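# A look at the structure
Now for the letters of each chain:
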Amino acid sequence: MKYILMSIVLCGILVVACASKEKDQNDKLKASIERGSVIYKDFCVVCHQTNGEGVEGAFPPLAKADYLMENRTESIKAIKFGQTGEITVNGKKYNNAMTPLGLYDEEIADVMNYITNSWGNKNDKIITVEEVSQLKE
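To keep things clear, this report deals only with the structure shown in the data block. (Residues numbered from 1 in each chain as written. Predicted model: local features only at pLDDT ≥ 70, side-chain atom pairs only at ≥ 80, totals over all residues. Heavy atoms only, no water.)

Take helix α5 (residues 105-115) next. Along α5, eight of the 11 residues are buried, which leaves the element largely enclosed by surrounding structure. All of the buried residues in α5 are Ile108, Ala109, Asp110, Val111, Met112, Asn113, Tyr114 and Ile115. (Buried < 20%, exposed > 50% of the residue type's maximum accessible area, 1.4 Å probe, protein only. Helix = DSSP H or I, 4+ residues; strand = E, 2+ residues; numbered from the N terminus.)

Of note, Met69 is situated in helix α3 (residues 66-70). Residue Met69 is classed as partly exposed on the basis of its relative accessible area, which comes to 32%. Separated by 48 residues in the primary sequence, Met69 and Asn117 have C-alpha atoms spaced 9.9 Å apart.

Tyr40, Ile76, Ile79, Ile108, Met112 and Ile115 are the most contacted members of the largest nonpolar core, which has 21 residues in total. Secondary-structure elements contributing two or more residues to this core are α1 (2-43), α4 (72-81), β1 (87-89) and α5. Per element, the largest residue contribution to this core is six residues, and it comes from α5. Each residue touching Ile115, except ones within four places of it in the same chain, is listed here: Tyr40, Leu62, Leu68, Ile79 and Asn121. (Core = buried A, V, L, I, M, F, W, Y, C linked by side-chain atoms within 4.5 Å. Contact = heavy atoms within 4.5 Å.)

Turning our attention to the packing of aromatic side chains. Each aromatic ring pair is characterised by the separation of its centres together with the angle its planes make. Overall, the coordinates contain three aromatic pairs when judged by the stated rule. Here Tyr40 and Tyr114 contribute two aromatic rings whose centre-to-centre distance is 5.5 Å and whose plane-to-plane angle is 50°, an arrangement assigned as tilted. Taken together, the residues Tyr40 in helix α1 and Tyr114 in helix α5 connect sequence positions 74 residues apart. Neither residue differs from the other here; Tyr40 and Tyr114 are each classed as buried. With a centroid separation of 5.4 Å and 80° between ring planes, the pair formed by Tyr114 and Trp119 is classed as edge-to-face. (Phe/Tyr/Trp six-rings, centres within 6.5 Å; stacked < 30°, edge-to-face > 60°.)

Listed below in structure tokens is the structure:
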């Protein structure tokens, strides 16, 4: 009986700890998205537009963008180092250059969290500063 009671208590502690960690992650993601929204408005909106739909033939959409969601590392690198060469987004080809924006790794993580959770995109796996900082050109 003593071991059963101890097992129940330990399971309860684990459930509370996991719920607390998940809430902390959700809070971190929410704060990152909020910061990313400001960065997007300062650096990205001119080309990718307020609604994330881009400019057809010139600047690819970020809204419901298969490339963005399926190419996480390449998308981060595009913001960090710039991007040249042809890419296909939602079945349409784009071949325009994106210059590096000069953002810090934290700003890149924040704007990526914003765009991967806006306009029909949903990304539950937070993009961290550590992930961004590990990427090399």
